[in-house]
Amino acid sequence: MTTQNNGGDWLIIFDCDGVLVDSEPIALDVLRAMLAEEGVALDADSISDRFLGRSLSSMTALIRQEFGVALPEDFPDKMRKRLFVRFEQELQPIPDMADTLDDLASAGFFYCVASSSQPERIAKSLEVTGLHSRFSPRIFSATMVSRGKPAPDLFLHAAARLGFSPERSIVIEDSPAGVQAARAAGMTVFAFSGGSHASSETYHAAIKALEPDQRFDAMADLLQLAERVRRAKDGIDG
């Protein structure tokens, strides 16, 4: 079933963690501690390099492949419980997020969220930061498709459900896996580096090497950047 858009002819697809909400430092810290309990000792940079933007299922496969460790079946549930406690205490939206969403809607852009996280985590993140009502029901999780990022399935699924072609979709991502997924989907991709996790030279080099269409670090700049793409592709002068 296709969900009708609000009349906008361009779609903005937001990743959630590190793009809408500043959750990545919290999530990576919880993951680091829980992996250490399972005998997989990794520092913060190693955790980020391996798992940023990936689903729990792909993370579990990587842990098994690289370290020979099979994580227990209740690992995702335990992690979710610990994470939600931290979210309630610490989670904040990305600065200027609410105003940016208002500006995009006023300019005729439609938007949704498409995240590698479980639906419960996406909902909690958006609820804690006051953004849930702005996106519901346009919320898409990697659990809805067979392959998570860096495969394009999730972005293609979200665009199709909302009635947009890949050519008229702009993805806002913060992770290498997400940038790769947007590229594979044939969509315009903006790499956002305004989250508090996006500070290392290694991170910026990895993103730059993937050649996103645009890199930016202030959410207040998004409308201008999206307008530039829309005008160029629609052949509008000015």
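Let us look at the structure shown here. (Residues numbered from 1 in each chain as written. Predicted model: local features only at pLDDT ≥ 70, side-chain atom pairs only at ≥ 80, totals over all residues. Heavy atoms only, no water.)

**Here's the deal with the pairing of strand β1 (residues 10-14)**
Rule in force here: Summary of the burial criterion: residues with accessible area below 20% of their type's maximum are buried, those above 50% are exposed, and those between are partly exposed, where the area comes from a 1.4 Å probe applied to protein chains only. Only DSSP runs of H or I reaching four residues or more are called helices, and only runs of E reaching two or more are called strands; each is numbered from the N terminus. Pairing between strands is defined by DSSP: at least two bridges between the two strands are required.
With five of its five residues buried, β1 lies for the most part within the structure. Here β1 shows no split at all, with Trp10, Ile12 and Phe14 on one side and Leu11 and Ile13 on the other all buried. Across five bridges, the pairing between β1 and strand β2 (residues 109-115) is parallel. Paired with Phe14 across the bridge in β2 is Val113. As paired elements, β1 and strand β4 (residues 169-173) share four bridges and run parallel to each other. Across the sheet, the residue bridging to Ile13 is Val171, located in β4.

**Examining helix α11 (residues 222-234)**
Cut-off, in case you're wondering: To estimate how far a helix should reach, multiply one less than its number of residues by 1.5 Å. Within this analysis, the arc is defined by the directions that extend from the helix axis to the C-beta atoms. We call two residues in contact whenever any of their non-hydrogen atoms come within 4.5 Å of each other.
The terminal C-alpha atoms of α11 lie 18 Å apart, and with 13 residues this matches the ideal 18 Å at 1.5 Å per residue to within 8%. Of the residues making up α11, those classed as buried are Leu222, Leu225, Ala226, Val229 and Arg230. One side of α11 carries all its buried residues, which in axial view fall inside an arc of 135 degrees. More than 90 degrees from the buried face of α11, the exposed residues found are Gln224 and Ala232. Elements that come into contact with the buried residues of α11 comprise β1, α5 (97-106), β2, β4, β5 (188-192) and β6 (214-216). Phi turns positive one or two residues past the end of α11, at Gly235, with a value near 70 degrees.

**What about the sheet that holds β6?**
Two orientations exist for strands paired in a sheet by backbone hydrogen bonds: parallel and antiparallel. For clarity, the threshold we go by: An axis is simply a line fitted to the C-alpha atoms; with a helix, the fit covers only the stretch in contact. Between two such axes, the angle follows the N-to-C directions and lies from 0 to 180 degrees.
Within the open sheet, the six strands sit side by side as β3-β2-β1-β4-β5-β6. Their pairing is parallel. Two strands lie at the open edges of the sheet, namely β3 (139-141) and β6, each paired on one side alone. Here the strands of the sheet are splayed against their neighbours by 25 degrees on average, with no regard to which way each runs. Bridge analysis of β4 against β5 gives four bridges, and the strand direction is parallel. By the bridge assignment for β5, Ile170 is matched with Thr188.

Read these as layout, nothing more, since geometry by itself doesn't imply function.
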